[in-house]
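# Reading the structure
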Amino acid sequence: MHNHSTLSDGLLSPTELIELAARTGVTAIALTDHDTTDGLAEADSAARHAGVTFVPGVEISVSWGDTTLHVVGLQVDPESKSLKDGLDAIRIGRHGRAERIAAALAKLGHEGTFEGAWALAENKAMLGRTHFARHLTETGAVKDIQAAFDKYLAKGKPAYVSHRWASLEEALRWITESGGTPVLAHPGRYKLKPMMRDEMLADFKRLGGQGIEVVTGSHRPEEYSHWQRIALEHGFLASRGADYHGRGESPAEPGTLPQLHSSLTPVWSHWAH
Ligand code: AMP
Ligand code: MN
Ligand code: MN
Ligand code: MN
């Protein structure tokens, strides 16, 4: 229930992603590109062709105070005006942000990274940190994508540029108005202390959030039981997704992560197919 394509920062086209999933034996898959629904039509048609159930989704970038959260919307209607207009608005800032990231990297001795990242982004409107990380890896400035984030691009590192994304309220409204189910992506990635975490989960729930990811390629396996407990305690549905970006870049291929524990209610349990 969480995968990327070349419409954001994935390495496979929507069709290639669906075909990979079908080959792996996956029976249902979501495409959840960052801040865009532009790949959903292609993925839907590839899924019909491959005999796989397709779940149209999106992963929205959200600013909650100083923390960037990702909220996945599942079963969204890509034609929804509210969702489309909202996503259009948050994409606009990416170009200027990329220029600021490039300027910070130039100060650190890495010239020409805007052009490098730009060349690697198939969808120029979605230029993001992953494209910078890939460029820095290709030029040998770092040994891999993870090192690019750890050394330069992650929050607190010298080429991190803070940015205002959607508010939590907006993101949840756009997803809900498009008929989708809002799911908090990889809650273990935000590094919030328990009190802030509970405040964030309470805000998410109050504003219409319905589920959290428990089993995800962005959690370490030893974190699953923690987020399972949180889902049960806070009354959230649970989701499972690879957060697949491409071979060699993601810990899990689609369809290879463990099942959700039977005590959890999966997000897909309410969907009719
Ligand atoms: P952006 O939306 O441009 O800020 O890029 C966010 C994307 O960068 C995420 O969806 C991940 O694909 C990737 N990313 C963010 N933080 C890390 C990290 N610490 N390590 C590896 N990839 C990361
Ligand atoms: Mn990503
Ligand atoms: Mn994410
Ligand atoms: Mn993701």
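Residues numbered from 1 in each chain as written. Chains lettered and ligands numbered in written order. Predicted model: local features only at pLDDT ≥ 70, side-chain atom pairs only at ≥ 80, totals over all residues. Heavy atoms only, no water.

### Details of the coordination of the manganese ion (ligand 2)
In plain terms, the rule: Only nitrogen, oxygen and sulfur atoms within 2.8 Å of the metal, or 3.2 Å for Na, K and Ca, are treated as donors, and water is left out, so sites may look incomplete. Put simply, DSSP H or I for four residues or longer makes a helix, DSSP E for two residues or longer makes a strand, and each gets a number counted from the N terminus. Each residue is placed in one exposure class: buried if its accessible area under a 1.4 Å probe, protein chains only, is under 20% of its type's maximum, exposed if it is over 50%, and partly exposed if it falls in between.
Only Asp9 (OD), His34 (NE2) and His245 (NE2) from the protein reach the manganese ion (ligand 2) as donors, at distances of 2.2 Å. Sequence spacing of the donor residues for the manganese ion (ligand 2), all on one chain, is D-x24-H-x210-H. Here the manganese ion (ligand 3) and the manganese ion (ligand 2) are spaced 5.5 Å from one another. Of this pair, Asp9 sits in the segment before helix 1 (14-24) while His245 sits in the segment after strand 6 (237-241), placing them 236 residues apart in sequence. One exposure class covers both Asp9 and His245, and it is buried.

### Observations concerning the coordination of the manganese ion (ligand 4)
At 2.1 to 2.2 Å from the manganese ion (ligand 4) lie its protein donor atoms, namely His2 (NE2), His4 (NE2), Glu59 (OE) and Asp243 (OD). Metal-to-metal, the separation of the manganese ion (ligand 4) and the manganese ion (ligand 2) is 4.5 Å. Placement of His4 in the segment before helix 1 and of Asp243 in the segment after strand 6 is noted, with a sequence separation of 239 residues between them. Grouping residues by exposure puts His4 and Asp243 together as buried.

### A look at the site of ligand 1
Threshold: Each residue is tested against the molecule or strand, and it is near if at least one of its non-hydrogen atoms lies within 4 Å. Between N or O atoms, a polar contact is any pair within 3.5 Å; within protein, one atom must be a potential hydrogen donor and the other a potential acceptor, and residues adjacent in sequence are included only when both atoms are from side chains. Residue-level accessible areas treat just the shown protein chains as cover; the underlying method is Shrake-Rupley with a 1.4 Å probe.
Lining the immediate environment of ligand 1, one finds Asp9, His34, His70, Arg94, Arg97, Gly128, Arg129, Thr130, Gln146, Phe149, Arg189 and His245. With respect to ligand 1, the side chain of His34 contributes an N or O atom lying 2.8 Å from an oxygen atom. The side chain of Arg129 places a nitrogen or oxygen atom 2.8 Å from an oxygen atom of ligand 1. For ligand 1, the protein covers 84% of the area, taking 500 Å² as the surface of the free molecule.

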